[in-house]
Amino acid sequence: MKAYDGMYIDGAWRPAAGPDVIEVVDPADGQVIATVPAGTVEDVDAAVRAARAALPAWAATAPAERAARLAALRDALVARQDEIARTVTAELGAPLKLSQTVHAAVPIAVAGSYAELAATYPFEERTGNSTVLHEPVGVVGAITPWNYPLHQIVAKAAPALAAGCTIVVKPAEDTPLVARLLAEAMHEAGVPAGVFNLVTGLGPVAGQALAEHPGVDLVSFTGSTAVGRRIGAVAAAAVKKVALELGGKSANVILPGADLARAVNVGVANVMSNSGQTCSAWTRMLVHRDQYDEAVELAAAAAAKYGDRIGPLVNATQQERVLGYIEKGVAEGARLVAGGPDAPRERGCFVRPTVFADVTPEMTIAQEEIFGPVLSVLRYEDEEDALRIANGTVYGLAGAVWAADEARATAFARRMETGQVDINGGRFNPLAPFGGYKQSGVGRELGVHGLTEYLQTKSLQF
Ligand code: NAD
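Residues numbered from 1 in each chain as written. Predicted model: local features only at pLDDT ≥ 70, side-chain atom pairs only at ≥ 80, totals over all residues. Heavy atoms only, no water.

Caption draft 1: Expanded view of the overall build of the protein chain. Of regular secondary structure, the protein chain possesses 15 helices and 21 strands. Taken over the C-alpha trace, the protein chain has a radius of gyration of 22 Å; the compact-globule value for 462 residues is 23 Å, and the two agree within 12%. Projected onto its principal axes, the C-alpha positions of the protein chain cover 65 × 60 × 40 Å. For the protein chain, the residues scored as buried account for 57% of the 462 residues in total. Looking at the protein chain alone, contacts between residues at least 24 apart form 73% of all its contacts between residues at least 6 apart. About 18,000 Å² of surface is accessible on the protein chain, with carbon and sulfur atoms providing 53% of the total. (Helix = DSSP H or I, 4+ residues; strand = E, 2+ residues; numbered from the N terminus. Rg over C-alpha atoms; globule rule 2.2 N^0.38 Å. Buried < 20%, exposed > 50% of the residue type's maximum accessible area, 1.4 Å probe, protein only. Contact = heavy atoms within 4.5 Å. Areas by Shrake-Rupley, 256 points an atom, 1.4 Å probe, with all protein chains shown as cover.)

Printed below as a string of structure tokens:
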């Protein structure tokens, strides 16, 4: 067990103001693997002051210099790739292969994409008799969750730095260790003191202090809708900019004529990956009534194959929450065809890969984000019915459409109220804007759209 006592503020690891610590637990076996300081209002204040002090110089650097630092950050992350993967496996519980191919690899790709964008983005443009300057918004307060613990920080920090903003990050309580590795990588990359700062701590203490701090110009939050709503209200009261990446209940729509086996197998894999702890997971599978029974059989068989291959959930609270949803699904009349509410092992926060059939759109398990390895399979009558069901939740983050041809799938996708749709198994693209319609959020991350979130315009008339 390692006891860390510093927070990365103003370019160095500094002792925390208070004595409290957070225990970091490996959810696979319940062992405490480390402690980190539980930051206080004072620590947040010190970090925001450092970020403000560093802002004028960083905002004035040439974009090429910011690009160079981000390229160096990407290289530092590459050098630490194994350490990052092992750390995410220890604190989140993700299988090592997933940690390597997703949790470590995606942030490297995203850091690299912003190195390139910083070098090429037109930070000045002409329109009529004006020159429009794209200037950094200022100091960013980033509050992030545990499910993709490094990606969700890099998806904020890399565009913020590319834009010329400085940043204070408050990572999730469950996964602070990989955030510390990122701070090390920033240091190694030569990012100047105060440009990137890290304060570990509890959400209602350090997170809230960061969201409320008058020295923060933009609050960028990823996490639950409940906390996002509060942060949005705090930011609105202070007329701060706010970006919210919240939950989802995305639909995987399988139209008649699609390759059913492929659509079902990819759909099940999408839900089970990261033990279902993915905001964009396709947790509702929509199948035409003529193919419904076959799809349910395929989904149950696919889920059964996962068996022991998925990791635990992040902590015991999430495990209980997810098992509670499974019990609720049974109580509301859905039919279990794989998995169930009994924990598969004595130790660790595991949940069995679970599939429900005969799910109707108004059921709790078809409406609320479960955040576990639980798939609901719903039946539809025709395309209009499928569309009504797909759009029939408060969320709109992602989705998928499968059809015999791309044109038909695309026509359906155009009518979906959601920020992303994968057509016939289209791959994740780290340059495509990611974010929510409806209550899935405000703003976009990744690529050029993610960069502009951290910029504001100034028009000079000549
Ligand atoms: P959460 O929203 O409580 O935590 C996310 C972050 O917000 C953490 O860093 C936390 O410390 C911080 N936070 C908590 N309370 C705060 C406050 N009052 N002020 C400022 N910051 C605060 O999420 P959780 O409790 O870890 O997970 C609960 C549920 O949220 C999950 O089951 C899932 O449905 C959803 N979730 C969604 C995502 C996503 O990517 N959209 C990520 C994680 C969790």
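Caption draft 2: Geometry of the domain arrangement of the protein chain. Taken domain by domain, the protein chain consists of domain 1 (2-246 + 439-461) and domain 2 (251-430). One C-alpha centre belongs to domain 1, the other to domain 2; they are set 30 Å apart. Across the boundary between the two partners, domain 1 contributes 24 residues, which contact 24 residues of domain 2. A combined buried area of about 1,900 Å² lies between domain 1 and domain 2, and 56% of that area is made up of carbon and sulfur atoms. Area buried by domain 1 at its contact with domain 2 is led by Pro27, Trp146 and Ser440, which between them contribute 25% of it. Between the two partners, domain 1 and domain 2, sit 9 residue pairs in polar contact (both at pLDDT 80 or more). Sorting the residues of the side of domain 1 that touches domain 2 by element identifies helix H3 (81-92) and helix H4 (96-120) as the ones contributing at least two each. With 4 residues, the single largest contributor to the side of domain 1 that touches domain 2 is H4. Looking at the side of domain 1 that touches domain 2 residue by residue, the classes come out as 12 nonpolar, 8 polar and 4 charged. (Domains from an automatic or database assignment. Buried area = accessible area lost by both parts, 1.4 Å probe. Polar contact = N/O pair within 3.5 Å; in protein donor to acceptor, adjacent residues only side chain to side chain. Nonpolar A, V, L, I, M, F, W, Y, C, P; charged D, E, K, R; others polar.)

Caption draft 3: Representation of the packing of aromatic side chains in the model. Tallied over the full model, the rule gives 4 aromatic pairs. Between Trp146 and Phe371, the aromatic rings sit 5.5 Å apart at their centres with planes inclined by 80°, giving edge-to-face as the arrangement. Of this pair, Trp146 sits in the loop between strand E8 (139-143) and helix H5 (151-163) while Phe371 sits in the loop between helix H12 (364-367) and strand E17 (374-380); the two residues are 225 residues apart in sequence, bridging distant segments of the chain. Both residues of the pair, Trp146 and Phe371, count as buried. Taken together through their ring pairs, the aromatic side chains of Tyr8, Trp13 and Phe196 make up a single cluster. Seen from the ring of Phe123, Arg66 lies directly overhead, with NZ or CZ sitting 5.2 Å from the centre. The aromatic ring of Tyr306 is capped on one face by Arg309, whose charged end is 4.9 Å from the ring centroid. (Phe/Tyr/Trp six-rings, centres within 6.5 Å; stacked < 30°, edge-to-face > 60°. Lys NZ or Arg CZ within 6 Å of the ring centre and 35° of its normal.)

Caption draft 4: How the structure looks around the site of the ligand. Trp146, Lys170, Ser224, Leu246 and Arg321 are the nearest of the 28 residues found near the ligand. For the ligand, an oxygen atom lies 2.7 Å from a polar atom in the side chain of Lys170. In this structure, an oxygen atom belonging to the ligand sits 2.8 Å away from a side-chain N or O atom of Glu369. With respect to the detected pockets, the ligand is housed in the largest pocket. Going through the elements one at a time, helix H7 (203-212), strand E11 (218-222), helix H8 (225-237) and helix H11 (316-331) are the ones with two or more residues in the shell around the ligand. (Near = heavy atom within 4 Å. 1 Å grid on protein atoms, 1.4 Å probe; cavity = no way out; pocket = protein on both sides within 12 Å on 5 of 7 lines; lining within 4 Å. Sits in = over half its atoms within 2 Å of the grid points.)

Caption draft 5: Quick peek at the side chain of Ser250. Summarising the element assignment, Ser250 is placed in the loop between strand E12 (241-245) and strand E13 (251-254). Setting aside residues no more than four positions away along its own chain, Ser250 makes contact with Ser280, Ala281, Trp282, Thr283, Arg284, Leu397, Ala398 and Gly399.

Caption draft 6: Spatial organisation of the nonpolar core. With 66 residues, the main nonpolar core has Leu70, Leu73, Ile167, Leu182 and Phe196 as its most contacted residues. At 10 residues, H4 tops the list of elements feeding residues into this core. For Phe196, the contacting residues outside a window of four places in its chain are Tyr8, Ala157, Ile167, Val169, Leu182, Ala183, Met186 and Val191. Judged by nonpolar contacts, the second largest core, of 30 residues, contains Val322, Val359, Ile365 and Ala390. (Core = buried A, V, L, I, M, F, W, Y, C linked by side-chain atoms within 4.5 Å.)

Caption draft 7: Spotlight on the environment of Asp10. Tracing the backbone through its elements, the reader meets Asp10 in the loop between strand E2 (6-9) and strand E3 (12-15). Remark: the alpha-carbon pair of Asp10 and Val48, spanning 38 residues in sequence, is separated by 9.4 Å. In contact with Asp10, other than residues within four places in its own chain, are Ala50, Ala193, Gly194 and Asn197.

Caption draft 8: Representation of the sheet that holds strand E21 (residues 455-461) in the model. A sheet is described by the order of its strands in space; here 3 strands give the open sequence E6-E7-E21, paired in antiparallel fashion. Bordering the open sheet on either side are strand E6 (124-127) and E21, each of which pairs with just one other strand. Across the sheet, the mean angle separating the axes of adjacent strands is 30° when strand polarity is ignored. Judged from the 4 bridges that link them, E6 and strand E7 (residues 130-136) form a sheet pairing that is antiparallel. Across the sheet, Thr127 pairs through a bridge with Ser130, a residue of E7. (Pairing = 2+ DSSP bridges. Axes fitted to C-alpha atoms, helices over the stretch in contact; angles between N-to-C directions.)

Caption draft 9: Representation of unusual backbone geometry. Phi at Val239 is positive, roughly 50°, even though this residue is not glycine. Overall, Val239 belongs to the exposed group, its relative accessible area being 75%. If you check the backbone angles, Lys438 has positive phi at about 50° while not being a glycine. Within the element layout of this structure, Lys438 appears in the loop between strand E19 (422-423) and strand E20 (441-442).

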